[in-house]
Amino acid sequence: VQLQASGGGLVEAGGSLRLSCVASGLTFGRTNMGWFRQAPGKEREFVAGINWSGSRTSHADSVKGRFTTSRDNAKNTVYLEMNSLKPEDTAVYSCAADRRYFGTLETSPGEYEYWGQGTLVTVSS
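Please read all numbers here as calculations on a predicted model, not as lab measurements.

Across its full length, the protein chain holds zero helices and 11 strands. Reading the protein chain from its N end, one meets helices and strands in the order β-β-β-β-β-β-β-β-β-β-β. Scaling as 2.2 N^0.38, a compact globule of 125 residues should have a C-alpha radius of gyration of about 14 Å, and the protein chain matches this with 13 Å. Taken along the three principal axes of its C-alpha coordinates, the protein chain extends 40 × 30 × 25 Å. The burial tally for the protein chain puts 43% of its 125 residues in the buried class. Put simply, of all contacts in the protein chain between residues at least 6 apart along the chain, 57% involve residues at least 24 apart. Entry remark: accessible area of the protein chain is about 6300 Å², with carbon and sulfur atoms responsible for 45%.

Of the two faces of strand S11 (residues 119–124), the one holding Thr-119, Val-121 and Val-123 is buried and the one holding Leu-120, Thr-122 and Ser-124 is not buried anywhere. Relative to S11, strand S2 (residues 9–12) runs parallel, the two sharing four bridges. When the sheet's bridge partners are listed, Val-11 is paired in S11 with Val-123. Two strands pair when backbone bridges link them, and strand S9 (residues 91–101) and S11 are joined in this way by three bridges, in the antiparallel orientation.

Next up on the list: the side chain of Asn-32. When you line up the elements, Asn-32 lands in strand S4 (residues 31–38). Asn-32 gets classed as buried once you look at its relative accessible area, which sits at 0%. At 2.8 Å, the side chain of Asn-32 and the backbone nitrogen of Trp-52 are in polar contact. Only 3.3 Å separates the side chain of Asn-32 from the backbone oxygen of Thr-104, close enough to count as a polar contact.

It is worth spelling out the state of the cysteines at this point. Summed over all chains, the structure comprises one disulfide. Residue pairing for Cys-21: its cysteine sulfur links by disulfide to Cys-95, the two sulfurs lying 2.0 Å apart. An S-S torsion of about 60° defines the bridge between Cys-21 and Cys-95 as right-handed. Here Cys-21 is found in strand S3 (residues 17–24), whereas its partner Cys-95 is found in strand S9, with 74 residues between them in sequence. Residue Cys-21 is classed as buried on the basis of its relative accessible area, which comes to 0%. Of the residues examined, Cys-95 reaches a relative accessible area of 0% and is grouped as buried.

Now for the pattern of salt bridges. Inspection of the entire model under this criterion finds eight salt bridges. With a shortest N-O distance of 3.7 Å, Arg-18 and Glu-81 are connected by a salt bridge. Taken as a pair, Arg-18 in strand S3 and Glu-81 in strand S8 (residues 77–82) lie far apart in primary sequence, 63 residues in all. What you see here is one network of salt bridges that share partners, running through Arg-37, Glu-45, Arg-66 and Asp-89.

Here we come to the sheet that holds strand S1 (residues 2–6). On the basis of which strands lie adjacent, the open sheet formed by four strands has the order S1-S3-S8-S7 and antiparallel pairing. Looking at the sheet topology across the chains shown, the edges are occupied by S1 and strand S7 (67–72). The sheet shows a mean angle of 15° between the axes of neighbouring strands, taken without regard to direction. As judged from the six bridges shared by S7 and S8, these two strands associate in the antiparallel manner. In the strand pairing of S8, Thr-69 is matched with Leu-80.

Basis of the calculations
Throughout, a residue's number is its position along its own chain's written sequence, starting from 1. Under the rules for a predicted model, residues below a pLDDT of 70 receive no local features and side-chain atom pairs below 80 are neither given nor counted, while totals for whole chains, interfaces and linings still include all residues. Derived side-chain values reflect all non-hydrogen atoms in the structure, with water molecules and hydrogen atoms excluded from consideration. Each helix is a run of DSSP H or I of at least 4 residues and each strand a run of E of at least 2, with the numbering of both proceeding from the N terminus. With C-alpha atoms as the basis for the radius of gyration, the globule rule is written as 2.2 Å multiplied by the number of residues raised to the power 0.38. Only protein chains enter the area calculation, which uses a 1.4 Å probe; residues under 20% of their type maximum are buried, those over 50% are exposed, and those in between are partly exposed. By the convention used here, residues are in contact when the closest approach between their heavy atoms is within 4.5 Å. Method for areas: the Shrake-Rupley scheme with a 1.4 Å probe, in which residue coverage is limited to the protein chains shown. Should DSSP find at least two bridges between two strands, the strands are taken to pair. Whenever two N or O atoms come within 3.5 Å, that pair is a polar contact, provided that in protein one can donate a hydrogen and the other can accept it, and provided that, for residues adjacent in sequence, both atoms are side-chain atoms. Here, two cysteine sulfur atoms that lie within 2.5 Å of each other are counted as a disulfide. Counted as salt bridges are all cases of a side-chain nitrogen of Lys or Arg within 4 Å of a carboxyl oxygen of Asp or Glu. Axes, fitted as lines to C-alpha atoms, cover a helix only where it is in contact. Angles between the N-to-C directions of the axes lie from 0 to 180 degrees.

Interpretation note: all reported values are geometric properties and have no functional meaning in isolation.
Laid out in structure tokens, this is it:
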């Protein structure tokens, strides 16, 4: 299984970025996907998740109303649209795939089996 995240970069506060994560080696259309981030000196935290069909999403309180996750199963790709970015959003963002098919949407990193390499998002003030 490979997860390839992209779309990170340097952006000013208030700006927007769109992250993408392309998956291979798994049955993507049956797999819940998650986005997590880790800032320097901090633990990894849940950002957003989307179930296998795209019918259900979950977003951390810190990003609700600003970030939106979506997916295109035909392209084996999950997205994270990030708007109104703040300096505290600066982190390495990683996508992850659940180990189960048709599972319950989870927010704990331990429930995700496969991880991408991460993409750095830096928000300047």
